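Here is how the chains run, residue by residue.
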Amino acid sequence: MELERVQNILARRGVASRRAAADLIRAGRVAVGGRVVAEPGARVPPDAPLTLDGRAVAAEEPRRTFLYNKPVGEVCSADGQGARTVLEAFRGLGLRLVPVGRLDKASEGLLLVSNDGALIQRLTHPRFGHRKTYEVEVNAEPSPRQLGILRSPLVIEGYHIRPVPVEALGGRRLRFVLSEGRHRQIRQMCEQAGLRVRRLRRVALSGLTLGGLAPGRFRELTPAEIARLAP
């Protein structure tokens, strides 16, 4: 039997993304056959008995991925610390789902939620360049100078971001297309241009759109949609 990395097994079983699974392992929270594992890259049989915080990690469940229209006020984490989390909409499914990427509490729109570790890794790793489209309302109609700033190379929290396509939609509305995503990137870009975000909504991700999906509702992706995301 071919051995597999512990972090990959955890991701495939829907516990967390591979990166988050590695953090769980380094924190000493994961054991294999009763022995704590210290290295995310440790290799064990794919059907090895795993525990997280002393509780058994169930065997792999069917891989499912959902498109969710996140409302303002929900947080993209399992522990909302008093706020409603995006996962509460999926409680009745009995699946161990995680958000794919993040939208901050004040943002809304298209969010994928999945238990498919390989797909999550592909969608969140910058090298795959999945394009995310946002429609943004700011506090004033942007001037040509401000649009020039938004479209230029900027530094966000010490990181040099690539120039971002920014389209003026008329009035105070803008469309941003990102293939990388720094923390609060659009909000920080707008701040550097002297603008303040009033509303931020993700409307598309690599060909997927919200369609007529109402806020707080979700639908499962079709096999064809998943194939386009992870060819």
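Scroll up for the structure.
To keep things clear, this report deals only with the structure shown in the data block.

Parameters and conventions
Residues numbered from 1 in each chain as written. Predicted model: local features only at pLDDT ≥ 70, side-chain atom pairs only at ≥ 80, totals over all residues. Heavy atoms only, no water. Pairing = 2+ DSSP bridges. Helix = DSSP H or I, 4+ residues; strand = E, 2+ residues; numbered from the N terminus. Salt bridge = Lys/Arg side-chain N within 4 Å of Asp/Glu carboxyl O. Buried < 20%, exposed > 50% of the residue type's maximum accessible area, 1.4 Å probe, protein only. Arc of directions from axis to C-beta. Contact = heavy atoms within 4.5 Å. Lys, Arg positive; Asp, Glu negative; His and termini not counted. Polar contact = N/O pair within 3.5 Å; in protein donor to acceptor, adjacent residues only side chain to side chain.

**A closer look at the pairing of strand β13 (residues 166–170)**
And step 1. Relative to strand β14 (residues 173–178), β13 runs antiparallel, the two being bridged by four bridges. Looking across to β14, one finds that glycine 170 is bridged to arginine 173.
And step 2. Once β13 ends, the chain turns through two residues before running back antiparallel as β14, passing glycine 171 with a positive phi of about 65 degrees.

**Notes on the sheet that holds strand β6 (residues 55–56)**
And step 1. Within the open sheet, the four strands sit side by side as β3-β2-β5-β6. Their pairing is antiparallel. Only two strands of the sheet have a single partner each, and these edge strands are β3 (35–36) and β6.

**Brief notes about the pattern of salt bridges**
And step 1. Taken as a whole and judged by the stated rule, the model has 13 salt bridges.
And step 2. With its nearest N and O atoms 2.9 Å apart, the salt bridge here joins arginine 64 to glutamate 220. With arginine 64 in the loop between β6 and β7 (65–70) and glutamate 220 in strand β17 (residues 218–220), the pair connects residues that are 156 residues apart, well separated along the chain.
And step 3. Across the pair glutamate 108 and arginine 199 runs a salt bridge whose closest N-O atoms are separated by 2.8 Å. With glutamate 108 in strand β9 (residues 108–114) and arginine 199 in strand β15 (residues 197–205), this pair connects stretches of sequence that are 91 residues apart.
And step 4. For glutamate 108, a relative accessible area of 12% gives the class buried.
And step 5. On the accessibility criterion, arginine 199 (43% relative accessible area) is partly exposed.
And step 6. Connected through salt bridges with shared partners, the residues Glu135, Glu167, Arg173 and Arg175 form a single ionic network.

**Some details on helix α2 (residues 18–26)**
And step 1. Every buried residue of α2 is listed here: Ala21, Ala22, Leu24 and Ile25. Down the axis, α2 shows its buried residues gathered within 160 degrees of arc, on one side only. Projecting away from the buried face of α2 at angles above 90 degrees are the exposed residues Arg19 and Arg26.
And step 2. Elements in contact with the buried residues of α2: α1 (6–12), β2 (30–32) and β5 (50–52).
And step 3. Backbone geometry just downstream of α2 places glycine 28 in the positive-phi region, at approximately 75 degrees.

**Some words on the side chain of arginine 202**
And step 1. When you line up the elements, arginine 202 lands in strand β15.
And step 2. Buried and without a salt bridge, arginine 202 has aspartate 104 as its closest oppositely charged side chain, separated by 9.4 Å.
And step 3. Polar side-chain contacts of arginine 202 include one of 3.1 Å to the side chain of tyrosine 134.
And step 4. When near neighbours in sequence (up to four residues on either side) are disregarded, arginine 202 contacts Arg102, Leu103, Glu108, Gly109, Leu110, Leu111, Lys132, Thr133, Tyr134 and Leu210.

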